[in-house]
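Overview (structure and organization)
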Amino acid sequence: MSYKRDEIFLAGLLHDIGKFYQRADVNLLKDYTDEHLERMKSLICPEKDGRFGYHHAWWTYKFFYDYETLFNGIKENGENIFKTKLSENTDHDNLINLAIYHHKPYGESELQQLIQLADWWSSGMERTESNMEKEEGEAYGKFKYKKVKLKNMLSLINDGDRQSRFSLTPLDITEKGLPIEGNETDFSKQTNEEASQPYQKLWNDFNAQLKNLPTDSVKGFSESMLNLLKKYTWAIPASTNDLAHISLYEHLKTTAAIAIALYDFKEEAKTSLSDIKAKPEILPLILSCWDISGIQKFIYNVSSTKASVSLKGRSFYLQLLMETVKQMVLDHPDIKAFTGQVVYSSGGKMFVLLPNTSKCKNALTEVQKKLEKILWNEHKEALYVNSGFVEFRADSGRKGGVILKDNFGEIKNDATIAELWEQVIDITAANKYRKYKNLFQNNCINLSSFGNWGNDYGLCAVSGLEGRKGIDLVTIDSERDLLVTKAVREQKELGEVLKDVDYIITYLEADTKGNTYLENRTKNDKAKKHLEIHGTGIHHYLFDQKELADNGAEFRNITSVDVSRVRRINNTDFSAITSLKGNKCTYGFQFYGGNQQAQKSGGNKTFKELCEVIDNQGNIKNTYLGVLRMDVDNLGKIFKEGLSENLRSFAAYSTLSAQLDWFFSGYLNTLRNSLEFKDSVNIIYSGGDDVFAVGRWDKIILFAEKIRSEFKKYCGGREDISISGGISIVGEKFPIRMAAAEAGNAEDQSKDFKKSGSKIATKNAITFLGESVCWETEFEEIKEMKNKLIQYCNQPNKPLSKALLHQLMQWKTLKDEAEKNKGSLSYKWHTAYYLKRYLDRYKEDADKEIWNYLKAIQTALMCGQMMGSKIKIGTRSYDLLAIAARWAEMEMKEILSL
């Protein structure tokens, strides 16, 4: 059996590992004087003006030199498959030569040239001598390639020039993943040893875990290596010259993905690489998009009974649904793709880089049809998976240029990477208007049967789907005789056990021994720790740390790499499970927004419990529930127009997508798990660029503020990349689907918000308590006003009358009515009259602080200014003071009074 595909993928994945090694090594190229290594320098490194270039390619060889035993020990069915040799024979297309000669392919080797072409296409340009890593640079002195940090892609959007970059640190979901702001230090006097130190720590940790990767299967090793590289190379710049904004990991991954797709195309098309290079009409690649349609309606459409658990279970179900789609695509026998070919997967969307072959396209159609049938049987029209693809090739002559086939089947020679992403998203989105077309055309759906129920039929209390009692519908609440579908029951049970889940194993039913063990485990465990999207044959098993990683864990019963992927949730340290040496498994991690929920008595808090407040006597009281929905403003435009031409490349878009995924799927968990929010806020859904969270109303407002401030920091402190949201505040028994809809309407209001003086929607706003406010210029002001009103109303000596709060809200109402009806300005005289009375009540010499504050309110309302400033905002001051008063009133009544 040939393992050439595995060699090509792994060679692409490791072709630039030498950049990592070189920057960590205090030795220079000239310091290695071993005869063999000396000869390899001239073989590997292109020479110009008597000097070697691209030194990192030699360090890639040094990496294989150090780990020859490890790579020769990779097996398949007990047989060593690579049999790599440290040889000076440049014509031999083994794993090592494919990886090291990507800058200097030898002879007629098409495969060495193929890795080189994949490297070019990933970076969006053909490499030339001018792209060689420079040893010196202004403000860096010597060894510049060790000193330049990875630039923050989000800070470069729209020609941004902020000095925002990432520290060299292993990937996790803590604040260590946030960028550093400010001008870079003057590194000109930093020595080689000092410049190497941060890389040395990373490199040593990487090597310690590399030795523990599984070698009993090539796929297990390759995919585990992919995850290890993500952990340790995410913050390393792919180049310190032209690609300092691209993560080395994303460059390695996309190079490997392009390389294997090119190889598969070349093999099926029976064409040569030289033809692929020379003929722009040959489009060897496709970008395939998969998108779950109906996510919001599916998550929110639950009954109020234990809705908090149901919501979380349905959200996690969608995560597993996308994992199922991913495995159905990757493991299809006519595709056989690697996980590294998934460019991006988050928020219900997935993009996969594949070969433009008939077999592959037919397989994608087959997967789509199978999913249609499965999802119709399971969810009817509630959920649907759209798919689409675009045929393309990179145009090496233009930075970020591609040649693609447009919607009309015409070749477009002047397209860009941005247009490629836009077109595949548009094609995929258009397919949602043809839902279940194949099923209808083949008479697989009989609409006339709907509603023909007898006494044995009923409706699911959550989804509304009809079914047979006891067969399609099961009871989950005997007291209320509440019937739901089996899928809904599974989702509810998922929500209940999710708090204890540390690992997911995705598994097919091909292996009898392993599957039998897991099935028995599920039957004997009262907790539901297994899910199959019925009909797919793909099973997901949930484990906690103790059950999986204990020395006596029965995990060793699981076999077959093709069907078993083990991932740790929200923790990048998967070394504990690789030491188990489970048979033929792949190991890694994945981020998921909201795996931890607020707890009480060992279980997840209900909405009622989230709303609890303890009064001064220790009694539990209930307040309101807050529902938050947020997403990034103008994200489509950012992807389409945000990257300037000199920044565009496949790896660049992959890096940008990964940064967004880290924030919304990973880092938001850290924010929620902080002391301020962990007992009162739950993330129901977070991925892509969307957030849906619930919690005690006052905490939800602060949680939204925290997300916004951290996102601003993540974008390099800029305001033109913003996030808007909406909050609904309801009773804990209010139907969650209606509360979510209200929050969605509030979010829409924020998207339509116009900052004072603007004629177009500026967004960057939050809508709550019936008013949209600008994050940048108004929210902090409102919060400060709210705090001042509470302070003065609650002070022990001569407090401010709470009647003023009602007056502030009433004056806004009068102002709105006057503006709506183009009436008189009598509300201003009304305001002036009552404020004069308040000022008279608090004599300047008796309580100067309150008197000054009332005077500031009077000036703000009468002169149309921001509180405490001369910034003119007109009658907007009425709106801001009214929402501050409403916020203060609710906080005093619902929280502080207890």
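Residues numbered from 1 in each chain as written. Predicted model: local features only at pLDDT ≥ 70, side-chain atom pairs only at ≥ 80, totals over all residues. Heavy atoms only, no water.

Counting its regular elements, the chain contains 32 helices and 33 strands. In the chain, which comprises 898 residues, the share counted as buried stands at 59%. The long-range fraction of contacts in the chain, counting pairs at least 24 apart against all pairs at least 6 apart in sequence, stands at 68%. A total of about 35,700 Å² of accessible surface is found on the chain, and carbon and sulfur atoms cover 47% of it. (Helix = DSSP H or I, 4+ residues; strand = E, 2+ residues; numbered from the N terminus. Buried < 20%, exposed > 50% of the residue type's maximum accessible area, 1.4 Å probe, protein only. Contact = heavy atoms within 4.5 Å. Areas by Shrake-Rupley, 256 points an atom, 1.4 Å probe, with all protein chains shown as cover.)

On to unusual backbone geometry, then. Although it is not a glycine, Lys763 adopts a positive phi angle of roughly 55°. The residue Lys763 is located in the loop between α27 (736-751) and β32 (765-768) in this model. At Asn764, a residue that is not glycine, the phi angle is positive and equals roughly 50°. Inspection of the secondary structure assignment puts Asn764 in the loop between α27 and β32. Overall, Asn764 belongs to the buried group, its relative accessible area being 5%.

Across a sheet, paired strands are connected by hydrogen bonds in the backbone, their directions being either parallel or antiparallel. What the 6 strands build is an open sheet, ordered β29-β30-β28-β31-β32-β33; its pairing is mixed. Every other strand in the sheet has two partners, leaving β29 (681-687) and β33 (771-774) as the edge strands with one partner each. The mean angle between the axes of side-by-side strands here comes to 15°, regardless of whether they run parallel or antiparallel. In this structure, β29 lies alongside strand β30 (residues 690-696), joined through 6 bridges in antiparallel fashion. If you follow Gly687 over to β30, its bridge partner there is Asp690. Those strands touched by helix α25 (residues 650-672) are β28 (625-632), β29, β30 and β31 (723-730), and its axis lies near 170° from that of β29. (Pairing = 2+ DSSP bridges. Axes fitted to C-alpha atoms, helices over the stretch in contact; angles between N-to-C directions.)

Bringing the packing of aromatic side chains into the picture now. In total, this model carries 46 aromatic pairs according to the counting rule given. Relative to Phe692, the ring of Tyr300 lies with its centre 4.5 Å away and its plane at 70°, an arrangement referred to as edge-to-face. Taken together, the residues Tyr300 in helix α14 (residues 295-300) and Phe692 in strand β30 connect sequence positions 392 residues apart. Across this residue pair, the class does not change: Tyr300 and Phe692 are buried. Ring centres of Phe316 and Tyr592 lie 4.9 Å apart, and the angle between their planes is 70°; this geometry places the pair in the edge-to-face category. (Phe/Tyr/Trp six-rings, centres within 6.5 Å; stacked < 30°, edge-to-face > 60°.)

For the rest of this paragraph, the subject is the pattern of salt bridges. Should the charged atoms of two oppositely charged side chains come close, the side chains can pair. Scanning all chains against the criterion turns up 47 salt bridges. Asp331 is the salt-bridge partner of Lys219, the closest N and O atoms lying 3.4 Å from each other. Pair noted here: Lys219 is in helix α11 (residues 218-233) and Asp331 is in the loop between α15 (307-330) and β10 (342-346), with a separation of 112 residues, a long-range link. Given the relative accessible area of 14%, Lys219 is considered buried. Note on Asp331: relative accessible area 22%, which makes it partly exposed. The closest approach of N and O atoms between Lys253 and Glu250, which form a salt bridge, is 3.5 Å. Linking Lys253 with Glu250, this pair stays in helix α12 (residues 248-269), spanning 3 residues, or about one helical turn. Accessibility assignment for this pair places Lys253 and Glu250 in one class, buried. Within this structure, Glu771, Glu778, Lys812, Lys815, Asp816, Glu819, Arg876 and Asp879 form a network of salt bridges that share partners. (Salt bridge = Lys/Arg side-chain N within 4 Å of Asp/Glu carboxyl O.)

In contact at an axis separation of 11 Å, helix α28 (residues 779-794) and helix α31 (residues 848-863) are set at 140° when each is read in the N-to-C sense. Overall, the two elements α28 and α31 adopt an arrangement that is oblique. Seen from above, α28 lies across α31 with left-handed handedness. For the pair formed by α28 and α31, the contact residues are Met785, Lys788, Leu789, Gln791 and Tyr792 on the first element and Glu849, Ile850 and Tyr853 on the second. A class-by-class count of the residues in the contact of α28 with α31 yields 5 nonpolar, 1 polar and 2 charged. (Parallel < 35°, antiparallel > 145°, perpendicular 65-115°, else oblique. Left-handed = near helix turned anticlockwise from the far one by under 90°. Nonpolar A, V, L, I, M, F, W, Y, C, P; charged D, E, K, R; others polar.)

Below, the discussion takes up the sheet that holds strand β9 (residues 285-293). Strand order in the open sheet formed by 6 strands is β10-β11-β9-β12-β13-β14, and the pairing between neighbours is antiparallel. Each having just a single partner strand, β10 and β14 (411-416) make up the two edges of the open sheet. Ignoring which end each strand starts from, the neighbouring axes of this sheet average 30° apart. The sheet contact formed by strand β12 (residues 384-395) and strand β13 (residues 401-405) spans 4 bridges and is antiparallel.

Okay, helix α1 (residues 4-14) next. The element α1 is extensively covered by neighbouring structure, given that 9 of its 11 residues are classed as buried. Turning to α1, its buried residues are Asp6, Glu7, Ile8, Phe9, Leu10, Ala11, Gly12, Leu13 and Leu14.

The next thing to look at is the environment of Thr255. As for its placement among the helices and strands, Thr255 is situated in helix α12. A residue is classified by how much of its surface remains accessible, and Thr255, at 0% relative accessible area, is buried. For the pair Thr255 and Leu14, spaced 241 residues apart in the sequence, the C-alpha separation amounts to 9.4 Å. Residues contacting Thr255, with those up to four places away along its chain left out, are Gly12, His15, Ile115, Ala118, Asp119 and Ser122.

Two elements in contact, helix α26 (residues 697-714) and α28, have axes separated by 12 Å at closest approach and are oriented at 145°. As α26 packs across α28, the resulting crossing turns out to be left-handed. The residues of α28 that touch α26, namely those facing Ile701, Leu702 and Glu705, are Phe779, Glu780 and Lys783. Per-class residue counts for the contact of α26 with α28 are 3 nonpolar, no polar and 3 charged.

Okay, α31 next. The end-to-end C-alpha distance of α31, which contains 16 residues, comes to 22 Å, matching closely the 22 Å that a straight helix rising 1.5 Å per residue would cover. Among the residues making up α31, those that are buried are Ile850, Trp851, Tyr853, Leu854, Ile857, Gln858, Ala860 and Leu861. Looking one or two residues beyond α31, the residue adopting positive phi is Gly864, at roughly 65°. (Expected span 1.5 Å × (residues − 1).)

A contiguous patch of positive charge, built from Lys798, Arg837, Arg841 and Lys843, is present on the exposed surface. For Arg837, a relative accessible area of 44% puts it in the partly exposed group. (Patch = residues over 30% accessible without salt bridge, like charges linked within 9 Å, V, L, I, M, F, W, Y side chains within 5 Å. Lys, Arg positive; Asp, Glu negative; His and termini not counted. Charge placed at Lys NZ, Arg CZ, Asp CG, Glu CD.)

Quick look at the confidence of the model for the chain now. When pLDDT is averaged along the chain, the result is 86; 89% of the residues meet or exceed 70. Mean pLDDT per element in the chain: strand β5 (residues 136-137) is the minimum at 46, and β32 is the maximum at 98. (pLDDT = per-residue confidence, 0-100.)

Below, the discussion takes up the nonpolar core. Within the largest apolar cluster, 201 residues are counted, with the highest numbers of intra-cluster contacts made by Phe20, Phe63, Phe71, Phe206, Ile707 and Ile857. With near-sequence residues (within four places) excluded, Ile707 lies in contact with Leu628, Met630, Phe663, Leu668, Leu671, Val691 and Ile723. Listed in part, the 71 residues of the second largest apolar core include Leu439, Leu494, Ala740 and Ala743. (Core = buried A, V, L, I, M, F, W, Y, C linked by side-chain atoms within 4.5 Å.)

Another point: the pairing of β14. As judged from the 4 bridges shared by β13 and β14, these two strands associate in the antiparallel manner. Looking across to β14, one finds that Lys405 is bridged to Ile411. Taking the residues that link successive antiparallel strands as the turn, the β13-β14 hairpin has 5 residues, and the phi of Gly409 there is positive, at about 80°.

This part is about the side chain of Arg708. As for its position among the elements, Arg708 is in helix α26. Look at Arg708 and you get buried, because its relative accessible area is 12%. Once residues within four sequence positions are removed from consideration, Arg708 is found in contact with Glu719, Ile723, Asn764, Trp775 and Glu776.

Here we take up the side chain of His15. One can find His15 in the loop between α1 and α2 (17-24). Residue classification places His15 among the buried positions, given a relative accessible area of 0%. Among the polar contacts made by the side chain of His15, one reaches the main-chain carbonyl oxygen of Gly12 at a distance of 2.7 Å. Polar side-chain contacts of His15 include one of 3.3 Å to the side chain of His251. Apart from the residues lying within four places of it in its own chain, the contact partners of His15 are Thr60, Ala99, His102, Ile115, Asp119, His251, Leu252 and Thr255. (Polar contact = N/O pair within 3.5 Å; in protein donor to acceptor, adjacent residues only side chain to side chain.)

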